[in-house]
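Given next are the chains, with one letter for each unit.
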Amino acid sequence: MNSNKCKVQPGKDFKLSEIDTRAGIKQLDEKDIKENLLRDIEEISRLQYKLYAENRQSLLIVLQGMDSSGKDGTIKHIMSGVNPQGVQVYSFKHPSALELEHDFLWRHAIKLPGHGQITIFNRSHYENVLISKVHPEIVLAERLPGIDSIDKISKDFWHNRYRQINDFEKNAVQGGTQILKFFLHLSKQEQRSRFLDRIENKEKHWKFSSNDITERKFWKEYQHVYEQALKHTSTKIAPWFIIPADDKLPAHLLAGKIILEKLKKMNPSLPPVDKKEEELMKQAKEDLKKQ
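Residues numbered from 1 in each chain as written. Predicted model: local features only at pLDDT ≥ 70, side-chain atom pairs only at ≥ 80, totals over all residues. Heavy atoms only, no water.

Draft legend 1. Local environment of helix α6 (residues 155-174). Taking 1.5 Å per residue, 20 residues should reach 28 Å; α6 reaches 29 Å between its end C-alpha atoms and fits that length. Within the sequence span of α6, burial applies to F157, W158, R161, Y162, I165, F168, E169, A172 and V173. Projected down its long axis, α6 shows its buried positions confined to an angular sector of 160 degrees, all on one face. The exposed residues of α6 that point more than 90 degrees off its buried face are K155, D156, N171 and Q174. Buried residues along α6 sit against α3 (106-109), α4 (131-134), α5 (137-140), β4 (177-185) and α9 (219-233). Positive backbone phi, at 105 degrees, marks G176, one or two positions downstream of α6. (Helix = DSSP H or I, 4+ residues; strand = E, 2+ residues; numbered from the N terminus. Expected span 1.5 Å × (residues − 1). Buried < 20%, exposed > 50% of the residue type's maximum accessible area, 1.4 Å probe, protein only. Arc of directions from axis to C-beta. Contact = heavy atoms within 4.5 Å.)

If you want it as structure tokens, here you go:
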């Protein structure tokens, strides 16, 4: 699995319709994929332990995708072996009244990971150039100067938002937070299948919303806004990866390998113990043995 093949090159035009939604890992069966994923999870857990102890760096993982693309499942499977003390997951939905009193990045900035932490944004600041672009009336709720009607929202407005997001992520990286961004690339046919499964299975009814069907009608519009967002905000320091999401296990394996690669590059290490503390530890050891 070569992660570079699914990395979005900055500024490069592409069509999601021309990118496969299936990973096509023919040489691995389900058992092999599970065993590989388990090994990667164990290694991710080991490095996360060091990251938490080191308390100097952090990692932000952004998950975006169409409804039912597998964002929750990706979190569940990849982070299953990680110490929950060092991981936070945030899902950003419609902004609250308080959040609307600030700029669109405020509520995301205050949720960035602290030193030693891994934070996952399950939907993220990108909703402001995705659903807000498909439904521009959402922007009006922000009460921005000069934007009092939809016809005032120009192309320059969206390009400015892309720039603001890039600056936001650049500042985060400069502060010690590495960033990985995953777009879970689902086919319209597979989404249909998953929606039907949620409707027909009572235990999955809670996952389904009639609004999902409403948004499905805007499939082409969403594909276009995703193409534009990924093109304009995939950068060298905060790249986007397009993960084929029709097959869940291969998607988890690929995302897990990319996370593992990033943690290896971050190379967290356990904090050193100074000589004075070493002597105190030796003395404590002797005292404990005598008890």
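Draft legend 2. Fine view of the nonpolar core. In this structure, Y126, V129, F183, Y226, L230 and W240 are the most contacted members of the largest nonpolar core, which totals 34 residues. For this core, the elements supplying multiple residues, two or more each, are β1 (58-65), α6, β4, α9 and β5 (240-244). Among the elements that make up this core, the one with the highest residue count is α6 (seven residues). If we skip the residues at most four places from it in the chain, Y126 touches V62, Q64, I165, E169, K181, T233 and W240. (Core = buried A, V, L, I, M, F, W, Y, C linked by side-chain atoms within 4.5 Å.)

Draft legend 3. Broad picture of the sheet that holds strand β3 (residues 118-122). Spatial ordering of the open sheet is given by β2-β3-β1-β4-β5, a layout of five strands whose pairing is parallel. Looking at which strands have only one partner, the edges of the open sheet turn out to be β2 (87-91) and β5. In this sheet, adjacent strand axes meet at a mean angle of 20 degrees when their direction is disregarded. Here β1 pairs with β3 via five bridges, running parallel. Looking across to β3, one finds that L59 is bridged to I118. Packing of helix α2 (residues 71-78) onto the sheet brings it into contact with β1, β2, β3 and β4, and relative to β1 it is tilted by some 145 degrees. (Pairing = 2+ DSSP bridges. Axes fitted to C-alpha atoms, helices over the stretch in contact; angles between N-to-C directions.)

Draft legend 4. Region of interest: the environment of L105. With respect to the helices and strands, L105 occurs in the loop between β2 and α3. Overall, L105 belongs to the buried group, its relative accessible area being 9%. A sequence separation of 19 residues divides L105 from S124, and the C-alpha atoms of the two residues are 9.6 Å apart. Apart from residues no more than four positions distant in its own chain, L105 is found in contact with H125, Q164, I165 and F168.

Draft legend 5. Representation of the packing of α6 against α9 within the structure. Contact geometry of α6 with α9 gives a least axis separation of 10 Å together with a crossing angle of 45 degrees. Classed by the angle they form, the pair α6 and α9 counts as oblique. The hand of the α6/α9 crossing is right-handed. Contacts between α6 and α9 involve H159, Y162, I165, N166 and E169 from the former and Q228, A229, H232 and T233 from the latter. Here the residues of the contact of α6 with α9 are counted per class, giving three nonpolar, five polar and one charged. (Parallel < 35°, antiparallel > 145°, perpendicular 65-115°, else oblique. Left-handed = near helix turned anticlockwise from the far one by under 90°. Nonpolar A, V, L, I, M, F, W, Y, C, P; charged D, E, K, R; others polar.)

Draft legend 6. Main features of the environment of F195. Relative to the assigned elements, F195 resides in helix α7 (residues 188-200). Separated by twelve residues in sequence, F195 and K207 have C-alpha atoms that sit 9.0 Å apart. Those residues in contact with F195, other than ones at most four positions away along the chain, are D67, S68, F208, D212, I213 and R216.

Draft legend 7. Examining the pairing of β5 more closely. Burial analysis of β5 places five of its five residues in the buried class, which makes it a mostly covered element. With burial as the criterion, each face of β5 is covered, one bearing W240, I242 and P244 and the other bearing F241 and I243. With five bridges joining them, β4 and β5 adopt parallel strand pairing. The partner of H185 across the bridge, within β5, is P244.

Draft legend 8. Expanded view of the packing of aromatic side chains. Taken as a whole and judged by the stated rule, the model has six aromatic pairs. Centre to centre, the rings of Y126 and W240 are 4.8 Å apart; their planes meet at 70 degrees, and the pair counts as edge-to-face. Of this pair, Y126 sits in the loop between β3 and α4 while W240 sits in strand β5, placing them 114 residues apart in sequence. Note on Y126: relative accessible area 1%, which makes it buried. The ring of F104 carries the charged tip of R161 above its face, separated from the ring centre by 4.1 Å. (Phe/Tyr/Trp six-rings, centres within 6.5 Å; stacked < 30°, edge-to-face > 60°. Lys NZ or Arg CZ within 6 Å of the ring centre and 35° of its normal.)

Draft legend 9. Looking closely at the pattern of salt bridges. Applying the stated criterion to the full structure yields 16 salt bridges. Across the salt bridge formed by E43 and R46, the nearest N and O atoms sit 2.6 Å from each other. Placement of the pair is E43 and R46 together in helix α1 (residues 30-54), with a separation of three residues, close to one helical turn. Owing to a relative accessible area of 38%, R46 belongs among the partly exposed residues under this scheme. Residues D67 and R123 are paired through a salt bridge, measuring 2.6 Å at the closest nitrogen-oxygen approach. With D67 in the loop between β1 and α2 and R123 in the loop between β3 and α4, this pair connects stretches of sequence that are 56 residues apart. Each of D67, R123 and E127 takes part in one network of salt bridges that share partners. (Salt bridge = Lys/Arg side-chain N within 4 Å of Asp/Glu carboxyl O.)

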